[in-house]
Amino acid sequence: MARAINFSAGPAALPEEVLKLAASEMLDWHNSGMGVMEMSHRGKEFIQIHAEAEADLRELLAIPANYKVLFLQGGAIAENAIVPMNMLRGRSVADYVDTGEWSKKSIKEAKKYCNVNVVASSQDRGYSYIPPQSSWKLTKDAAYVHICSNETIGGLEYQWVPQTGDVPLVADMSSHILSRPVDVSRYGLIYAGAQKNIGPAGLTIVIVRDDLIGQALPVTPSAFDYKQQAENDSMLNTPPTYAVYIAGLVFKWLKKQGGLAEIEKRNIAKAKVLYDYLDASKFFISPIDKGDRSRMNVPFKLKDESLDGAFLKGAEALGMVQLKGHRSVGGMRASIYNAMPLEGVQKLVAYMREFEAKQA
Ligand SMILES: *Cc1c(COP(=O)(O)O)cnc(C)c1O
């Protein structure tokens, strides 16, 4: 069986080693006589899986002790509502930075719950850059400042952490969490859907400073009240058990690779191969300002869009799939998360070079 070179933006490729281990444990996890999907979430086996996953995530990201780690359901889109419900804390204004499709979705949803102040936007140049903090018009007593630290569709990534003083910084890190070390203490709250860079869809990770929880709006569903979930070890409702298990295997895989500092080195090297080629090419273009380019999601365009179809077809014939850009921006996008090896990116660039040469 040949595995595809999968550039999907999400759900995305997982490390083969993890999938093989999961397959070998499908019918019988550690001599329990059960597969993980069949286990009670209250049983000792699953409680061990859950606790190890949390401990490994805490180790990988060096999460300080005063932060809660929650394994929830609902995805990042649900968090767009759950964040204001939990984080307004009696305040009426939240600041949002608009850097593209995912920020726009967060802003639209937050408007149901509070006054949203869009403190900066890069819409003026087609979301090709991240507005520098000097241009942000922050609200003095905002409940929080929200950013999307990696715009999965547009291909923008913060290479710096905003300074928000006493106002908590909230980040949607769905598509680059665990791709690089992060100073968690700079954030009030980090959230991420698992299906980009961690594991299966269905698991949502929330990392929140403990003094910020406990003041959710009274209408907040209990399953989405961070305080109630923290008090119940994320088991107020049934957690997405199999997704937690796979995420836990991915965390162990990351530790085995050398942790996030090593993974970051590899991700820098992978992205460089692709961006260097794009910058040298007369045929393909990267629409994003150099300093703000994402290491995880690389959008690019053919100067002659009429060749898009032929390009995708040729790629598929070589086993390279899911390179079509998001319908809102067109062109191509290569998502090169942790599980994509350098060889996959090299193969893509070799194909692009050959395609360009053929058209010249
Ligand atoms: C994929 C993605 C989402 C949406 O996640 P869902 O699991 O569909 O809710 C939100 N934000 C970012 C940055 C994403 O990449």
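Described below are features of the structure shown in this document. (Residues numbered from 1 in each chain as written. Predicted model: local features only at pLDDT ≥ 70, side-chain atom pairs only at ≥ 80, totals over all residues. Heavy atoms only, no water.)

## Describing the packing of helix α6 (residues 241-257) against helix α7 (residues 259-280)
Running from N to C, α6 and α7 cross one another at 80°; their axes reach a closest spacing of 7 Å. One element, α6, and the other, α7, form an angle in the roughly perpendicular class. Between α6 and α7, the contacting residues are W253, L254, K255 and Q257 on the first element and G259, E262, I263 and R266 on the second. When grouped by side-chain class, the residues that make up the contact of α6 with α7 number three nonpolar, two polar and three charged. (Axes fitted to C-alpha atoms, helices over the stretch in contact; angles between N-to-C directions. Helix = DSSP H or I, 4+ residues; strand = E, 2+ residues; numbered from the N terminus. Parallel < 35°, antiparallel > 145°, perpendicular 65-115°, else oblique. Contact = heavy atoms within 4.5 Å. Nonpolar A, V, L, I, M, F, W, Y, C, P; charged D, E, K, R; others polar.)

## Quick look at the pairing of strand β12 (residues 297-302)
Among the six residues in β12, five count as buried, and that is most of the element. Two strands pair when backbone bridges link them, and β12 and strand β14 (residues 332-335) are joined in this way by four bridges, in the antiparallel orientation. Across the sheet, F300 pairs through a bridge with M332, a residue of β14. (Buried < 20%, exposed > 50% of the residue type's maximum accessible area, 1.4 Å probe, protein only. Pairing = 2+ DSSP bridges.)

## Here's the deal with helix α4 (residues 101-110)
Restricting attention to buried positions, one finds in α4 the residues W102, S103, S106, I107 and A110. Around the axis of α4, the buried residues are gathered within 140° of arc, so they sit on the same side. If you follow the buried residues of α4, they end up packed against α3 (75-87), β3 (93-98), β4 (115-121), β5 (145-148), β6 (150-151) and β9 (189-193). (Arc of directions from axis to C-beta.)

## Considering the site of the ligand
Neighbouring the ligand are the residues G75, A76, I77, W102, C148, N150, T152, D172, S174, S175, Q195 and K196. The side chain of K196 places a nitrogen or oxygen atom 2.6 Å from an oxygen atom of the ligand. A total of 390 Å² of accessible area belongs to the ligand in isolation, and the protein chains cover 86% of it. Here the shell around the ligand takes three residues from α3, the largest share from any one element. Along the lines of polarity and charge, the residues of the shell around the ligand split into four nonpolar, six polar and two charged. (Near = heavy atom within 4 Å. Polar contact = N/O pair within 3.5 Å; in protein donor to acceptor, adjacent residues only side chain to side chain. Areas by Shrake-Rupley, 256 points an atom, 1.4 Å probe, with all protein chains shown as cover.)

## Concerning the packing of helix α8 (residues 308-317) against helix α9 (residues 342-359)
Here α8 crosses α9 at 135°, and the two axes come no closer than 11 Å. By the angle class used here, α8 and α9 are oblique. Our pair here, α8 against α9, has a crossing hand that is right-handed. On α9, the residues that touch A310, F311, G314 and A315 of α8 are Y351, M352 and F355. (Left-handed = near helix turned anticlockwise from the far one by under 90°.)

## So, empty space enclosed by the protein
Applying the stated criterion across every chain, the model contains one cavity of 30 Å³ or more. Computed from the structure, the largest cavity encloses a volume of approximately 70 Å³. In terms of lining residues, the largest cavity is bounded by 15 residues, among which A13, L14, N197, I198 and A339 are the most central. Its residues assigned to classes, the lining of the largest cavity comprises 10 nonpolar, four polar and one charged. The residue makeup of the lining of the largest cavity includes at least three contributed by each of domain 1 (26-256) and domain 2 (259-359). (1 Å grid on protein atoms, 1.4 Å probe; cavity = no way out; pocket = protein on both sides within 12 Å on 5 of 7 lines; lining within 4 Å. Points joined across faces, edges and corners; volume = space filled by probe spheres on them. Domains from an automatic or database assignment.)

## What to know about the pairing of strand β10 (residues 204-209)
Most of β10 is tucked away: five of the six residues are buried. Alignment of strand β2 (residues 67-72) against β10, held across six bridges, turns out to be antiparallel. In the strand pairing of β10, V69 is matched with I207. Of the strand pairs in this sheet, β9 and β10 are connected by five bridges, and their pairing is antiparallel. When the bridges of β10 are listed, G193 appears paired with T204.

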